[in-house]
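As a plain string of letters, each chain reads:
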Amino acid sequence: MHNYIYELLQAPVPEEEWTKAWEYHEHPDAFPISDIVEDAKDRSAVITRFGAWLKENRLGELDGESFTIDAQVVDCYFEGRFAAFQQAVTALQQLNESQFIHNHDQVQGLIFDLTEIFTQKHGDYVLWNDGLEPTPLEEFLRKAKPGVRYCIGAVLDYKH
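Owing to the predicted nature of the structure, the values given are computational and were not obtained by experimental measurement.

**Re unusual backbone geometry**
With phi around 55°, Arg58 is a residue other than glycine that occupies positive phi space. With respect to the element layout, Arg58 can be found in the loop between α2 (43-56) and β3 (60-63). Exposure remark for Arg58: the relative accessible area of 63% places this residue in the exposed category.

Below is the structure:
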């Protein structure tokens, strides 16, 4: 399976300054869930799909290769998942000590479910801070500053 890493910048920069896929080959520890990181084969098409996703979820509007996030809509985007998150927490709370000790796979599955409901670790990512470690898109949505324009630089394809 594959997803994308979007490099987000405060202002447009020349393509030669964008993050390069080969940097992940030299630093595999920067993104350990990926098997391989490559440049997106059709960057424009991927950005267009990302813009359609933003619009569909009413999170923001793509303007060329930049966008802003609407904080109030982000609240609505995550609201529906809170009930599922609470259910996952409840399932963990119902474990007894014996299950915790002896049922590794069951406990690990419940923990995985909880973390995936909160932030999908095998979805799209963004690079928006210094360094090569990508941030899950959902974490970015929770932390993005409303009204700040994010410019898209590199678009990398990763397989996991």
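Continuing now.
**Overview of the packing of aromatic side chains**
The description of an aromatic ring pair rests on the distance of the ring centres and on the angle between the ring planes. Overall, the coordinates contain 17 aromatic pairs when judged by the stated rule. Relative to Tyr77, the ring of Trp53 lies with its centre 5.9 Å away and its plane at 80°, an arrangement referred to as edge-to-face. Note that Trp53 is positioned in helix α2 and Tyr77 in helix α3 (residues 71-93), a separation of 24 residues in sequence. Look at Trp53 and you get partly exposed, because its relative accessible area is 24%. The exposure class assigned to Tyr77 is partly exposed, which follows from its relative accessible area of 22%. Seen from their ring centres, Phe67 and Tyr150 are 5.8 Å apart, and the 35° between their planes marks the pair as tilted. Residue Phe67 is found in strand β4 (residues 66-69), and its partner Tyr150 is found in strand β7 (residues 150-159); the two are separated by 83 residues along the sequence. One aromatic cluster in this structure is built from Tyr4, Tyr6, Phe50, Trp53, Phe67, Tyr77, Phe78, Trp128, Phe140 and Tyr150. Above the ring of Phe78, the side-chain terminus of Arg142 is found at 3.9 Å from the ring centroid. Positioned above the aromatic ring of Phe118 is the side chain of Arg142, whose terminal nitrogen or guanidinium carbon lies 4.1 Å from the ring centre.

Definitions and limits used
- Residues numbered from 1 in each chain as written.
- Predicted model: local features only at pLDDT ≥ 70, side-chain atom pairs only at ≥ 80, totals over all residues.
- Heavy atoms only, no water.
- Helix = DSSP H or I, 4+ residues; strand = E, 2+ residues; numbered from the N terminus.
- Buried < 20%, exposed > 50% of the residue type's maximum accessible area, 1.4 Å probe, protein only.
- Phe/Tyr/Trp six-rings, centres within 6.5 Å; stacked < 30°, edge-to-face > 60°.
- Lys NZ or Arg CZ within 6 Å of the ring centre and 35° of its normal.

Fair warning: the whole summary comes from geometry, so function is off the table for now.
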